[in-house]
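Secondary and tertiary structure notes
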Amino acid sequence: MIQKMFEIVSKNGITELLKRIRSRIFLDVVNIIINYKYKKYLKVNKTVESSKFITNNNKISIITPVYNTPINFLKECIDSVLNQSYENWELCLVDDASNDKKVKNIIMNYAEKDKRINYRFRKNNGHISLASNDAIKMTSGKYLALLDHDDILWPDALHEVVRFIN
């Protein structure tokens, strides 16, 4: 972290470093607000009534192109799918020729533990569009969801989507 800060200062000056720190603090504050509002929403809207409208026949295929993702982000991303309250999903991961072998190992380890996780390793980097297209070809669900390799889903995200669909 310190080394990265020195690199920013040496390349772009202290002003750029301060801008990045301010933007990071801003993002943290926004996340705190979103978390608070979401928890407040759940208290009001999470009832047994909402579950009676959910049918489990709507499979959601989540496509996630992956490229040299930091390991902790990739694990958090996949764990957020595994922790969904709605269980009829598949996760289609396409690694776009990552250099980091740890990325491939993580993907294979998760796929071994849960059969809903499918993967493909591209030999050549085709960028996000080709990796996404390859992931779409792997899907078998009725609905398609896009999830970036460094994002997470709230535990009830798919449940809420299916509730809306129904």
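Now for a description of the structure that goes with this document. Given the structure is predicted, the values throughout are model-derived calculations rather than measurements.

As for unusual backbone geometry
Within the chain, Asn68 stands out as a residue other than glycine whose phi angle is a positive 45°. By secondary structure assignment, the location of Asn68 is in the loop between strand S1 (60–66) and helix H4 (71–82). Residue His127 is not a glycine yet carries a positive backbone phi of 70°. Among the structural elements, His127 can be located in helix H6 (residues 127–137). The class of His127 is exposed, set by a relative accessible area of 55%.

Examining the packing of aromatic side chains
A ring pair, where both rings are aromatic, is described by two values, the distance of the centres and the angle of the planes. All told, the structure shown has 1 aromatic pair when counted by the stated rule. Measuring from centroid to centroid gives 5.1 Å for Tyr119 and Phe121, while their planes differ by 45°, and the two rings are tilted.

Some words on H6
Looking only at H6, the buried set comprises Ala131, Ser132, Asp134 and Ala135. The buried residues of H6 occupy one face: seen down the axis, they fall within an arc of 160°. Turning to H6, the residues buried within the fold contact S1, strand S2 (89–95) and strand S3 (117–121).

Calculation notes
Residues numbered from 1 in each chain as written. Predicted model: local features only at pLDDT ≥ 70, side-chain atom pairs only at ≥ 80, totals over all residues. Heavy atoms only, no water. Helix = DSSP H or I, 4+ residues; strand = E, 2+ residues; numbered from the N terminus. Buried < 20%, exposed > 50% of the residue type's maximum accessible area, 1.4 Å probe, protein only. Phe/Tyr/Trp six-rings, centres within 6.5 Å; stacked < 30°, edge-to-face > 60°. Arc of directions from axis to C-beta. Contact = heavy atoms within 4.5 Å.

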